[in-house]
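Letter by letter, the chains look like this.
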Amino acid sequence: MKIWFFLLLICNFAFADESTDWQTQSYKQSKHLPDLHHAVDVKLLDEMQPPAEFFLKEDRKIGCKTCHGLEKLAETPYDKIDKNAPDFLRKDGYKKLETFCANCHDKKVHERPNIHLMLEENGEIKKENCLFCHSEINKQRDKLRPLVDTHLRLPVEKICVGCHLKTPHFNSVEHTDAKLEPDSKSSARKMKEHLKNLEQEKGVRLPLGEKGDVLCVTCHSPHPQGVLGEQNPTGKQVEGDAKKGIEYKNHSWNEVMKADKRERLEKIAASLPAYQRIEKEVLLRLPAKDGTLCLSCHEFED
Ligand code: HEC
Ligand code: HEC
Ligand code: HEC
Ligand code: HEC
Ligand code: HEC
Ligand code: HEC
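Residues numbered from 1 in each chain as written. Chains lettered and ligands numbered in written order. Predicted model: local features only at pLDDT ≥ 70, side-chain atom pairs only at ≥ 80, totals over all residues. Heavy atoms only, no water.

A.B. asks: I'm lost on the site of ligand 5 in this one. Help?
C.D. replies: Taken together, 18 residues surround ligand 5, and among them His116, Cys160, Cys163, His164 and Ile246 come closest. His116 has a polar side-chain atom sitting 2.8 Å from a nitrogen atom of ligand 5. With respect to ligand 5, the side chain of His164 contributes an N or O atom lying 2.8 Å from a nitrogen atom. (Near = heavy atom within 4 Å. Polar contact = N/O pair within 3.5 Å; in protein donor to acceptor, adjacent residues only side chain to side chain.)

A.B. asks: Would you take a moment to explain the packing of aromatic side chains for this structure?
C.D. replies: For any two aromatic rings, the description comes down to two numbers: the centre-to-centre distance and the angle of the planes. Taken as a whole, this structure holds two aromatic pairs when the rule is applied. Look at Trp22 and Tyr78: their rings are 5.4 Å apart centre to centre, the planes differ by 85°, and that puts the pair in the edge-to-face class. With Trp22 in the loop between helix H1 (2-15) and helix H2 (27-30) and Tyr78 in the loop between helix H3 (64-67) and helix H4 (97-101), the pair connects residues that are 56 residues apart, well separated along the chain. Judged by relative accessible area, Tyr78 falls into the buried class, the value being 12%. Arranged with centres 5.8 Å apart and planes meeting at 35°, the rings of Phe54 and Phe100 form a pair that is tilted. Of this pair, Phe54 sits in the loop between H2 and H3 while Phe100 sits in helix H4; the two residues are 46 residues apart in sequence, bridging distant segments of the chain. Overall, the relative accessible area of 4% leaves Phe54 in the buried class. By relative accessible area, Phe100 is classed as buried at 12%. (Phe/Tyr/Trp six-rings, centres within 6.5 Å; stacked < 30°, edge-to-face > 60°. Helix = DSSP H or I, 4+ residues; strand = E, 2+ residues; numbered from the N terminus. Buried < 20%, exposed > 50% of the residue type's maximum accessible area, 1.4 Å probe, protein only.)

A.B. asks: Before we go on, may I ask you to explain the coordination of the iron atom of ligand 6 in this structure?
C.D. replies: Geometrically, a metal with four donors at the corners of a regular tetrahedron has ideal angles of 109.5 degrees, and one with six donors at the corners of a regular octahedron has ideal angles of 90 or 180 degrees. Those protein atoms acting as donors to the iron atom of ligand 6 are His175 (NE2) and His298 (NE2), and they sit at 1.9 to 2.0 Å. Coordination geometry of the iron atom of ligand 6: the six donor atoms subtend angles of 86 to 180° at the metal centre, consistent with an arrangement described as octahedral. You can see His175 sitting in helix H6 (residues 170-176) and its partner His298 sitting in the segment after helix H11 (292-295), a full 123 residues away along the chain. On the basis of relative accessibility, which here comes to 38%, the residue His298 falls in the partly exposed class. (Donors = N, O, S within 2.8 Å, 3.2 Å for Na, K, Ca; no water. Tetrahedral: all angles 85-135°; square planar, octahedral: opposite > 155°, others 65-115°.)

A.B. asks: Help me understand the site of ligand 6, please; the structure alone is not making it clear to me.
C.D. replies: Taken together, 17 residues surround ligand 6, and among them His175, Leu180, Cys294, Cys297 and His298 come closest. Between ligand 6 and the protein, one listed contact pairs a nitrogen atom with a side-chain N or O atom of His175 at 2.7 Å. Elements represented by at least two residues in the shell around ligand 6 include exactly H6, helix H7 (186-202) and H11. Here the shell around ligand 6 gets three residues from one element, more than from any other, and that element is H6. Partitioning the shell around ligand 6 into residue classes produces eight nonpolar, six polar and three charged. (Nonpolar A, V, L, I, M, F, W, Y, C, P; charged D, E, K, R; others polar.)

A.B. asks: I tried to follow unusual backbone geometry on my own but got confused; where do I start?
C.D. replies: Of the consecutive residues Glu181 and Pro182, the connecting peptide bond is found in the cis state with omega at -10°. Its place among the elements puts Pro182 in the loop between H6 and H7. Positive phi, normally seen in glycine, also occurs at Asp59, with a value near 70°. Inspection of the secondary structure assignment puts Asp59 in the loop between H2 and H3.

Dropping the structure here:
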């Protein structure tokens, strides 16, 4: 859990030097929050009872002064804000970001708030979750739009990193720098052909980046079932329960896998989890456990 918060921070700082107009303006002027920043103007839930110094706006909504101790934060241009000031985050938050969040989020329930749980029990969408990744709430459509029109706060290659590692699992390592370009490469041409057929025949889309890059969202859907219409090819995904997450079971291949991958294992990390079989998948565009996902680009070789 700590690592996640740490990464969230690093991730934000790492992008901080991509200076753009809004960084020379204040929040009041631009109404632009820093990338991957916490939602504002959302109402505290009844069970959230932060200490009194977390000033609330009317209607129990949270604003800059709720979490930040600096005077006139909303009026100060972003590049003039002293983020190292001791009171930048209330309750010495930067030293203990984890306990800072716990001022509102119940530790047990919200140990690591799962952004992918985007639906209320009555089926309504949780807007603040949408606004974490999108700068506005995209209208639902049955037709596809280009990735660049989905109003993402960060480039699509970066949107998952920070909460997730860059290489969260084996197959992602091979695909981090993989590209279905240039067209003159016959393997790339074939894969693209497969993907086009898949979209036309099965109505499933595995979106690629601008330069044909394989992305996290090529294989994964960030949205759980029910957020995007089933008619939308980017809404189609495996049946699964985002709350439970991926479910695994032990498998005898663990030993084979270990022997086979020893060298790579050593290189990547000593602490990788055991090989287990997937029991239940979630947030995947096509099932991987029977190979469908992989075969939408790769071909079996004899
Ligand atoms: C729920 C608590 C909360 C609220 C409300 C809030 N912030 Fe933040 N803010 C944080 C936390 C936590 C961080 C540090 C972690 C991070 O960078 O995400 C932060 C970081 C920042 C940063 C530094 C970001 C960077 O990476 O350079 C700025 C600037 C900022 N907030 C401005 C604002 C403004 C302006 C408002 C009001 C519109 C606001 N915040 C409201 C919690 C909050
Ligand atoms: C001052 C209170 C407050 C603090 C401090 C706070 N949050 Fe929140 N947070 C909220 C409120 C209110 C919501 C909206 C809840 C809702 O309507 O479900 C929210 C929603 C979220 C969500 C959206 C997903 C969800 O579970 O609904 C995430 C993710 C989140 N907070 C993460 C954090 C993290 C990480 C920190 C610490 C850096 C933090 N929060 C600190 C009040 C707070
Ligand atoms: C974790 C980040 C993340 C969150 C949270 C998120 N989205 Fe998205 N969204 C994406 C990404 C990435 C894409 C582009 C890839 C895709 O279409 O799956 C996208 C695309 C979309 C699209 C366009 C699909 C198309 O091509 O027609 C819609 C509509 C959308 N999101 C709605 C929502 C709504 C509504 C919410 C809140 C309930 C939400 N998103 C929350 C990351 C996110
Ligand atoms: C080539 C397809 C593919 C790509 C690209 C991919 N994934 Fe996965 N991902 C999978 C499959 C299949 C699983 C199921 C579990 C497994 O095989 O590890 C999975 C599992 C996961 C899990 C759950 C791991 C667990 O054990 O609970 C996370 C989190 C995840 N992926 C995030 C990402 C992120 C972040 C990226 C981009 C950096 C990414 N994935 C890229 C196919 C992919
Ligand atoms: C705000 C942080 C956040 C962002 C951004 C985010 N995720 Fe997640 N994701 C989580 C959390 C928390 C879980 C719940 C499981 C856990 O705690 O590891 C999760 C779960 C998953 C899982 C299922 C793993 C499981 O077993 O539950 C996949 C797959 C996944 N995320 C992919 C993505 C992809 C792809 C993106 C980018 C489009 C993304 N995530 C963006 C926080 C995030
Ligand atoms: C969107 C298309 C796409 C999907 C889906 C996909 N891959 Fe790949 N994969 C690629 C590309 C592109 C490369 C880069 C090497 C190449 O051009 O053959 C690659 C490379 C690999 C490599 C390294 C091969 C080598 O020779 O270095 C492995 C292993 C691999 N993929 C396994 C998988 C598995 C397992 C799955 C399913 C979980 C999968 N792939 C799904 C496109 C895809």
